[in-house]
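As a plain string of letters, each chain reads:
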Amino acid sequence: MNDKGLLIVLSGPSGTGKGTIVKKLLEKNSTCLSVSMTTRTPRVGEEEGKSYFFVSRETFLEKVEQGKMLEYAEYNGNFYGTPREFVEQKSAAGQDVILEIEVQGALKVKSACPDAVMVFIMAPNMQELKNRLVMRKTEDEQTIQNRMNIAKRELEKADQYDYIVINDTVDKAAEDILAIIGAEKCSKKRREKFINEVKKQC
């Protein structure tokens, strides 16, 4: 039985540890990380097809018009987005794909891929979220407050996700997501084809 891979969409406020959780998942599971496409110039050390798919602005917009992007947005004059072909090829080969993305883009992916497994990552509480942002020591107080305000708005969208994972510890959060993946693979909607095939054997 060759099942399609899952598309697992992870998002949540800045400071919740999404990137660290993804690294842990890639260590523990045969998932792959979705590679974004961008129109910006590659930076030193970035690899084509690994860091990003680097394309011209014209090529990117052509793909948008052709419906080949699951979602996209423009930041600082450059486009960034999730190419549909990469996700579909990996999924068709039976490989699970993780897409780490901000909330607005995640909800666009949900609309384009109703079968996507939507996971919202959150810190144990808002004070802990702020503490983590402060501990980074990379942003001033005003920037941190802006991120907290954004986090509050993003929390309003949490009810549009399938699962809420609290990142108290990275290992526990990763285990929770692996449990979600396992449960989803055994769900009735994903086993319907299998059940129908077995029924034909009766």
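In what follows, the accompanying structure is described.

Thresholds applied
- Residues numbered from 1 in each chain as written.
- Predicted model: local features only at pLDDT ≥ 70, side-chain atom pairs only at ≥ 80, totals over all residues.
- Heavy atoms only, no water.
- Helix = DSSP H or I, 4+ residues; strand = E, 2+ residues; numbered from the N terminus.
- Phe/Tyr/Trp six-rings, centres within 6.5 Å; stacked < 30°, edge-to-face > 60°.
- Salt bridge = Lys/Arg side-chain N within 4 Å of Asp/Glu carboxyl O.
- Buried < 20%, exposed > 50% of the residue type's maximum accessible area, 1.4 Å probe, protein only.
- Polar contact = N/O pair within 3.5 Å; in protein donor to acceptor, adjacent residues only side chain to side chain.
- Pairing = 2+ DSSP bridges.

**A few points about unusual backbone geometry**
And then number 1: Not every positive phi belongs to a glycine, and K137 is a case in point at roughly 60°.
And then number 2: With respect to the helices and strands, K137 occurs in the loop between α5 (126–136) and α6 (141–155).

**With respect to the packing of aromatic side chains**
And then number 1: Applying the stated criterion to the full structure yields 7 aromatic pairs.
And then number 2: Ring-pair connections join several aromatic residues into one group, and the members of that group are Y52, F54 and Y80.

**Quick look at the pattern of salt bridges**
And then number 1: Counted according to the given criterion, the structure contains 12 salt bridges.
And then number 2: Taking the shortest distance from any N to any O, the salt bridge between E175 and K28 comes out at 3.2 Å. Here E175 is found in helix α7 (residues 170–185), whereas its partner K28 is found in helix α1 (residues 18–28), with 147 residues between them in sequence.
And then number 3: You can call K28 partly exposed: its relative accessible area is 40%.
And then number 4: Where salt bridges share partners, they join K24, E27 and D171 into one cluster.

**Looking at the environment of R132**
And then number 1: If you trace the backbone, R132 turns up in helix α5.
And then number 2: Residue classification places R132 among the buried positions, given a relative accessible area of 18%.
And then number 3: For the pair formed by R132 and T16, sequence separation is 116 residues and the distance between their alpha carbons is 7.8 Å.
And then number 4: Within polar-contact distance, the side chain of R132 engages the backbone oxygen of N167 at 2.7 Å.

**Some details on the pairing of strand β6 (residues 78–83)**
And then number 1: Most of β6 sits out of view: 5 of its 6 residues are buried.
And then number 2: Looking at chain direction, strand β3 (residues 37–38) and β6 are connected through 2 bridges and run antiparallel. Note on β6: the bridge partner recorded for M37 is G81.
And then number 3: Looking at chain direction, strand β5 (residues 69–75) and β6 are connected through 6 bridges and run antiparallel. Bridged to E71 within β6 is T82.
And then number 4: The loop that links β5 with its antiparallel partner β6 comprises 2 residues; one of these, N76, has a positive phi angle of about 50°.

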